[in-house]
Amino acid sequence: MTSINPDKIVLDEEMQARNLDNSPIDLLEQIRQEGRCWEDLAPKWGVDNPEPPWKIWLEATCEVLADRNCALPALERRWEEDDLSEELYRDVPFPERQLLALAHLMIRRGLIDEKELAARTKIVEKRLHMAD
Amino acid sequence: MSNKPVYDREHHVKKATGIGDPQCFTGEAPAAKFKVGDQLRVRDLPDLFYTRTQTYLRGTACTVSAVVYESPAAEDESWDNTDKVEWFYSLVFKQSDLWPDYPSAFGNDTLETELPERWLESA
Amino acid sequence: MSDDHKHAPMVDEVSEFEILEIAVRELAIEKGLFTQEDHNKWTEYMHTLGPLPAARLVAKAWLDPEFKKLAVEDGVKASLEVGIDWIRTMPTQFGTPSDYCSFRVMEDTPTLKHVVVCTLCSCYPRPILGQSPEWYRTPNYRRRLVRWPRQVLSEFGLQLPEDVEVRVVDSNQKSRFIVLPVRPEGTEGWNEDQLTEIVTRDCLIGVAVPKPGKTANDPRPVRKALKPYDH
């Protein structure tokens, strides 16, 4: 039999990915505790759509992350999402839970940086409130 | 060194676009070893890297309900080895064969799933 | 403003989650993980997805024995009649690892009831049934359905007699599945649109059976798995 070197490297990466660090992340903890969920907002404003409008963009983000460059393979995302949804984010309603899990695993995988994300949320918040 | 052909990254895309996957592997597998109605058993093979043959099926008797499509097995395809195409079968298991303590009152209950040929042998 | 000129109500405040979603997406695009163009393409496709084509496929099969035969033998071909091209409507034009193009319609009989699960991840016939519900993706459903199908179905409000064979379909390779349930009593003389209305998403997964007058899914339990799991 030939050597298994190239596969071995990929395997190590995969195994590492499966041992995701699921300890809390400050930025996401704050959003988890203080964030307003769709299931509270919708009745408050008399909206009966069961899902927030941003859910479809979240879903598209998950798809394209696994597309072309494959920055985040779908199967690994699903595994990590399951772990985080059952533990750290279990008390958050869906789909907010899925969003927190995605942001969490992207930070832990080094795809985005926590500080950068924190700064960006500030910028986005400011932009969205400009119309107020 | 193996004689494995070297493909570019777009190989699968080019092959499957407009045709579909697993349709793009049609005609590439050797003749199917089994047919509908055959009594088989799931082999208990080691899985070193990646598999989609669940542990709960290993060693269990089953009946072929359909010969479904040709495709590389997940064990190969997950490493981008797509040259060894084989037949996939839809198999029906008795729940009481899968789980020893399955309630006897529901002895008719079954489970159906698909597996590639390499995981199957005649019972 | 009079009642018939009311605007549809909308949520007029920005939530922290809405902000987070945008921030994650913008950063990912800037880092080149994907392009805005690809994201738009998928969003557009996602908007077209839902369980309606699968419901219509079932209604057609109930009304036309020839179509039922085609659906059971070649689900991909039968899907074309309800406007779903498994191969060419995907943004990738060939399916993706989560949407392979083998589609099978599992026919129930009065003594055989199918119910679908993916024990390995959460494979689901998205092109024809839309996004899977959250409970379908939970480890609890995935692990328990194959082992204790009747218990799980009871939790979903579906109790089946002993003489009905419950067949769990584990969608673990390249085929995606829907259930073709038995046409219920009380629907004699109904047309395709009427029948389509009672074939809910849950009936197509197999955790419910169609009933005249029932056109929506019940709220479903999302439970944590009892034992910690290890992939």
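Residues numbered from 1 in each chain as written. Chains lettered and ligands numbered in written order. Predicted model: local features only at pLDDT ≥ 70, side-chain atom pairs only at ≥ 80, totals over all residues. Heavy atoms only, no water.

**As for the overall build of chain C**
So, step 1. Of regular secondary structure, chain C possesses eleven helices and four strands.
So, step 2. Considering only C-alpha atoms, chain C reaches an extent of 55 × 55 × 40 Å along its principal axes.
So, step 3. Expressed as a percentage of its 231 residues, the buried residues of chain C come to 59%.
So, step 4. Summed over all atoms, the accessible surface of chain C reaches about 10,200 Å², with 52% contributed by carbon and sulfur.
So, step 5. Looking at chain C, you have 30 positive and 35 negative side-chain charges, and the mean spots of the two groups are 7 Å apart. (Helix = DSSP H or I, 4+ residues; strand = E, 2+ residues; numbered from the N terminus. Buried < 20%, exposed > 50% of the residue type's maximum accessible area, 1.4 Å probe, protein only. Areas by Shrake-Rupley, 256 points an atom, 1.4 Å probe, with all protein chains shown as cover. Lys, Arg positive; Asp, Glu negative; His and termini not counted. Charge placed at Lys NZ, Arg CZ, Asp CG, Glu CD.)

**Focus: the interface of chain C and chain A**
So, step 1. Each side of the interface is counted separately: chain C has 49 residues, and chain A has 56 residues.
So, step 2. For the pairing of chain C and chain A, the buried interface totals around 5,000 Å² over both sides, and the portion due to carbon and sulfur atoms is 62%.
So, step 3. The largest share of the area that chain C buries against chain A comes from Glu13, Phe17 and Leu33 of chain C, three residues that together contribute 14% of it.
So, step 4. Taken together, chain C and chain A are joined by ten salt bridges.
So, step 5. When the shortest N-O distance is used, the salt bridge between Arg126 of chain C and Glu63 of chain A registers 2.6 Å.
So, step 6. Our enumeration of links across chain C and chain A arrives at 18 residue pairs in polar contact (both at pLDDT 80 or more).
So, step 7. Here the side of chain C that touches chain A gets 14 residues from one element, more than from any other, and that element is helix H1 (residues 16-30) of chain C.
So, step 8. Taken together, the residues of the side of chain C that touches chain A break down into 22 nonpolar, ten polar and 17 charged. (Contact = heavy atoms within 4.5 Å. Buried area = accessible area lost by both parts, 1.4 Å probe. Salt bridge = Lys/Arg side-chain N within 4 Å of Asp/Glu carboxyl O. Polar contact = N/O pair within 3.5 Å; in protein donor to acceptor, adjacent residues only side chain to side chain. Nonpolar A, V, L, I, M, F, W, Y, C, P; charged D, E, K, R; others polar.)

**Focus on the sheet that holds strand E3 (residues 85-94) of chain B**
So, step 1. The strand order E5(B)-E1(B)-E2(B)-E3(B)-E4(B)-E3(C)-E2(C) describes an open sheet built from seven strands, whose pairing is mixed. Bordering the open sheet on either side are strand E5 (120-122) of chain B together with strand E2 (112-117) of chain C, each of which pairs with just one other strand. Strand-to-strand twist in this sheet, taken as the mean axis angle between neighbours without regard to direction, amounts to 35°.
So, step 2. In this structure, strand E1 (residues 39-42) of chain B lies alongside strand E2 (residues 61-72) of chain B, joined through three bridges in antiparallel fashion. In the sheet register, Arg41 of chain B faces E2 of chain B, and the bridge partner there is Ala61 of chain B.
So, step 3. Contacting strand E4 (110-116) of chain B together with E2 and strand E3 (165-170) of chain C, helix H8 (residues 139-147) of chain C runs over the sheet at an angle of about 150° to E2 of chain C. (Pairing = 2+ DSSP bridges. Axes fitted to C-alpha atoms, helices over the stretch in contact; angles between N-to-C directions.)

**Structural notes on the pairing of E3 of chain C**
Each regular strand shows side chains that alternate between the opposite faces of the sheet.
So, step 1. Counting buried residues along E3 of chain C, six of its six residues qualify, which places the element largely inside the surrounding structure.
So, step 2. Inspection of the sheet shows E4 of chain B paired to E3 of chain C by four bridges, in the parallel sense. By the bridge assignment, Leu111 of chain B is partnered in E3 of chain C with Val168 of chain C.
So, step 3. Pairing analysis gives six bridges linking E2 of chain C to E3 of chain C, with the strands arranged parallel. Its bridge partner lying in E3 of chain C, Val116 of chain C is registered against Val169 of chain C.

**Brief notes about the packing of aromatic side chains**
All names here are of chain C.
So, step 1. As enumerated under the stated definition, the model contains twelve aromatic pairs over all chains in all.
So, step 2. Aromatic pair Trp42 and Tyr45: ring centres 5.9 Å apart, planes at 80°, arrangement edge-to-face. On the criterion of helical spacing, the pair formed by Trp42 and Tyr45 is a turn pair, its members being three residues apart in helix H2 (residues 36-48). Here Trp42 and Tyr45 have matching classes, each one buried.
So, step 3. Pairing Trp135 with Phe156 gives two aromatic rings, centres 4.8 Å apart and planes at 65°, and the pair type is edge-to-face. Placement of Trp135 in helix H7 (residues 134-137) and of Phe156 in the loop between helix H9 (149-155) and E3 is noted, with a sequence separation of 21 residues between them.
So, step 4. The structure contains a cluster of three or more aromatic residues connected by ring pairs, namely Tyr124, Trp135, Tyr136, Tyr141 and Phe156. (Phe/Tyr/Trp six-rings, centres within 6.5 Å; stacked < 30°, edge-to-face > 60°.)

**Considering empty space enclosed by the protein**
Residues and elements named next belong to chain C.
So, step 1. Applying the stated criterion to the full structure yields one cavity of 30 Å³ or more.
So, step 2. Estimated volume of the largest cavity: approximately 90 Å³.
So, step 3. Together, Trp135, Thr138, Asn140, Tyr141, Arg144, Val152, Glu155, Phe156, Pro221, Val222 and Arg223 line the largest cavity.
So, step 4. Residue assignment for the lining of the largest cavity shows that the elements contributing at least two residues are H8 and H9.
So, step 5. If you tally residues by element for the lining of the largest cavity, the top one is H8, at three residues.
So, step 6. Among the residues making up the lining of the largest cavity, the classes are represented as six nonpolar, two polar and three charged. (1 Å grid on protein atoms, 1.4 Å probe; cavity = no way out; pocket = protein on both sides within 12 Å on 5 of 7 lines; lining within 4 Å. Points joined across faces, edges and corners; volume = space filled by probe spheres on them.)

**Considerations on the side chain of Asp202 of chain C**
So, step 1. On the secondary structure map, Asp202 of chain C appears in helix H11 (residues 201-205).
So, step 2. Those residues in contact with Asp202 of chain C, other than ones at most four positions away along the chain, are Trp135, Val207, Ala208, Asn217, Asp218 and Arg220 of chain C.

**Let's talk about the nonpolar core**
So, step 1. Residues Leu91 and Leu120 of chain B together with Leu57, Ile128, Tyr141 and Ile178 of chain C are the most contacted members of the largest nonpolar core, which totals 74 residues.
So, step 2. Not counting residues up to four positions away in its chain, the partners in contact with Leu120 of chain B are Phe34, Leu40, Arg41, Val42, Arg43, Cys62, Tyr89, Leu91 and Leu115 of chain B.
So, step 3. Counting residues in each nonpolar core, the second largest holds 46 residues, with Ile56, Ala60, Ala103 and Leu105 of chain A among its members. (Core = buried A, V, L, I, M, F, W, Y, C linked by side-chain atoms within 4.5 Å.)

**A short note on the pairing of E2 of chain C**
So, step 1. Judged by how many residues are buried, E2 of chain C sits mostly within the fold: six of six residues are covered.
So, step 2. Residues Leu112, His114 and Val116 of chain C point to one face of E2 of chain C and Lys113, Val115 and Val117 of chain C to the other, with burial holding for every one of them.

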